[in-house]
Amino acid sequence: MKVLAEKAVVVGTGLIGASLASAAKQAGVFARVSGVGRSEANLQAALSAGHVDVVTTRLDEALDGADLVVLAVPVDTAVALLPEVVEATGESCLLTDVGSVKTPICEAAVAAGAAARFVGAHPMAGGTDSGAVHADPDLFRGRVAVVTPTPETDAAGIEVVERLWQALGSRVVTMGSREHDATVAVTSHLPQLLATCLAETATRCDDRGHLEELIAGGFRDTSRLAASDVAMWASIVDLNSEAIVEAMDAFTAGWERLRAAIEAGDAAAVESILTAGCSMRESIGK
Ligand code: NAP
């Protein structure tokens, strides 16, 4: 496959960053990859597994001579680091990211004067584990990667980022950052917060002392996401709060409708809501 970057820099060699670096090296689209991070332990894990070629805690040092930079740090950190990355790289260096919220980073690129060479991206893949030790070059295979260019983004840069995700085995879907953020508020952020709330509710409902003994598949499956990284999700919630509150309101309306039907003993209304949920879940497959 054609090399897309002679010197790529992945800032944040955690689950997503190290997986991306590894897959891009394997696919032959990154000739050489530098990994940037804070903790030596995580950087060494990325290096010893061969996900990256060289590691450093010095961002400025890594950026020297880069032709493609991927920000794979928590979303608030990416927004904070972007001006420094813009400043330290040449006009021909393409900038992208993998963050779960897209509007703030796209706006930060515009504010830093780098809208033309910044292409936001978000792989619809991942998990609740963090760090390079969990990285997997096949993580993005068969998944969707959303690409969110701004109206000012160069077409050539968009094409490189789309080709990168295709090389990792993903199907690229292109849309505006606001459309992305409103949609993932429903498909990703709401499920996370529902899992969190379910697990938290259980901590307040153990009057009889048997709660843990009676936890089986349903609770485990539905609360799985509650174990996700707290700091990462706190920054996602903060940066997508408006769309998340809208999704929560839509959920609350449905929840209250269901509660009222149960309270009123309206079996037909309960069945109709169960049927609507069942058909939607069946339509998306396993
Ligand atoms: P992760 O495994 O915790 O990795 C984050 C990495 O960022 C860590 O290696 C951390 O390094 C590094 N980092 C944090 N602050 C830094 C800084 N100031 N300078 C340099 N490195 C820094 O998290 P992740 O799951 O890969 O998430 C990374 C991004 O991917 C986030 O923006 C998230 O929204 C997005 N994303 C996640 C998923 C998912 O399911 N996990 C899916 C799609 C997109 P240290 O270990 O040294 O602190």
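Residues numbered from 1 in each chain as written. Predicted model: local features only at pLDDT ≥ 70, side-chain atom pairs only at ≥ 80, totals over all residues. Heavy atoms only, no water.

**Some points on the pairing of strand β2 (residues 30-36)**
Across the 7 residues that make up β2, a large majority, 5, are buried. Relative to β2, strand β1 (residues 5-11) runs parallel, the two being bridged by 6 bridges. For Val11, the partnering residue across the bridge sits in β2 and is Val36. A crossover connection joins β1 to the parallel β2 through helix α1 (residues 15-27); in handedness this β-α-β unit is right-handed. Relative to strand β3 (residues 54-56), β2 runs parallel, the two sharing 3 bridges. Following the sheet pairing, Ser34 is matched in β3 by Val54. The handedness of the β2 to β3 crossover, carried by helix α2 (residues 40-48), is right-handed. (Buried < 20%, exposed > 50% of the residue type's maximum accessible area, 1.4 Å probe, protein only. Helix = DSSP H or I, 4+ residues; strand = E, 2+ residues; numbered from the N terminus. Pairing = 2+ DSSP bridges. Right-handed = clockwise from strand over helix to strand, strands pointing away.)

**What to know about the layout of surface pockets**
A volume near 1400 Å³ is recorded for the second largest pocket. Along its surface, the second largest pocket is lined by 30 residues, and Leu190, Pro191, Leu194, Thr222 and Phe251 are the ones closest to its centre. If you list the elements that add at least two residues to the lining of the second largest pocket, you get α7 (177-202), α8 (217-223), α10 (241-263) and α11 (267-283). Here the residues of the lining of the second largest pocket are counted per class, giving 19 nonpolar, 6 polar and 5 charged. (1 Å grid on protein atoms, 1.4 Å probe; cavity = no way out; pocket = protein on both sides within 12 Å on 5 of 7 lines; lining within 4 Å. Points joined across faces, edges and corners; volume = space filled by probe spheres on them. Nonpolar A, V, L, I, M, F, W, Y, C, P; charged D, E, K, R; others polar.)

Any functional reading would require information that these geometric values do not contain.
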